[in-house]
Amino acid sequence: TELLGRSLSRINVSFDAWSSRRFTSLLGLTVHFLDDEGKFRTFLLGLPRIEGRHSGENLAERVGEIIHEYGFEGRGGYFVTDNAESNDTCLENLGIELGFQKHLRRPRCGGHIINLVARSILFGTEADAFEEDCQSDKEVQDEIKLWRSKGPIGKLHNIVHWVQRSGQRIEKLHKLQAIENTALR
């Protein structure tokens, strides 16, 4: 906090949301600036858990909390993120809160752009589907086909499997269960 307070430059921020295989959603926020000796600094400022969806409003709330926690609201510079639409919404909301215009403070992540171009060249317009097919385990696919052939039990299995593949869906299920448990008391 002291180092940020003595910075010679605006404090530039890069961030990205990520979900683990165990469905824990995190927001990595890194700052980049010149310290009081003119030395370029970059470090991870926060890695909070994200509750709920990776919506722009939700991301803006978490990013804003970190910025306020470290007290550089009026000294923010550029905000570098990937090209997700939720990041546009996030920065629109942050711009309103912190008093800047998104289009003047949001350069796109060069690495993400290069990755999108390379994927498009290699895999065409269905890059995500291609990657999912390549990453799917053949045993899992065979198991799903078997369960689907088993009627209602197979359908139930598929629903459970679908819920388990998303931290947000698991979180929502737990909230619904808590509400139902409270109602039963």
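Given the structure is predicted, the values throughout are model-derived calculations rather than measurements.

Could you give me a rundown of a nonpolar patch on the surface, with the residues and numbers involved?
Taken together, the side chains of L8, L34 and F40 present a nonpolar region at the surface, about 310 Å² in accessible area. Along the chain, F40 turns up in strand 3 (residues 40-46).

Could you give an account of the environment of R49, with specific residues and numbers?
If you trace the backbone, R49 turns up in the loop between strand 3 and helix 2 (56-70). The spacing of R49 and A17 is 32 residues in sequence and 9.3 Å in space, taken between C-alpha atoms. Apart from the residues lying within four places of it in its own chain, the contact partners of R49 are T24, S25, L26 and R62.

Could you give me a rundown of the sheet that holds strand 3, with the residues and numbers involved?
In space, the four strands of this open sheet follow the order 3-2-1-4, with mixed pairing throughout. The open sheet has two edge strands, strand 3 and strand 4 (76-80), and neither has a second partner. Strand-to-strand twist in this sheet, taken as the mean axis angle between neighbours without regard to direction, amounts to 25°. Pairing of strand 1 (residues 11-19) with strand 4 involves three bridges; the strand directions are parallel. Residue pairing for strand 4: V13 is matched across the bridge by F79. Sitting on the sheet, helix 2 is in contact with strand 1, strand 2 (25-34), strand 3 and strand 4, with an inclination near 45° to strand 2.

Each value, and the rule that gives it
- Residues numbered from 1 in each chain as written.
- Predicted model: local features only at pLDDT ≥ 70, side-chain atom pairs only at ≥ 80, totals over all residues.
- Heavy atoms only, no water.
- Patch = residues over 30% accessible without salt bridge, like charges linked within 9 Å, V, L, I, M, F, W, Y side chains within 5 Å.
- Areas by Shrake-Rupley, 256 points an atom, 1.4 Å probe, with all protein chains shown as cover.
- Salt bridge = Lys/Arg side-chain N within 4 Å of Asp/Glu carboxyl O.
- Helix = DSSP H or I, 4+ residues; strand = E, 2+ residues; numbered from the N terminus.
- Contact = heavy atoms within 4.5 Å.
- Pairing = 2+ DSSP bridges.
- Axes fitted to C-alpha atoms, helices over the stretch in contact; angles between N-to-C directions.

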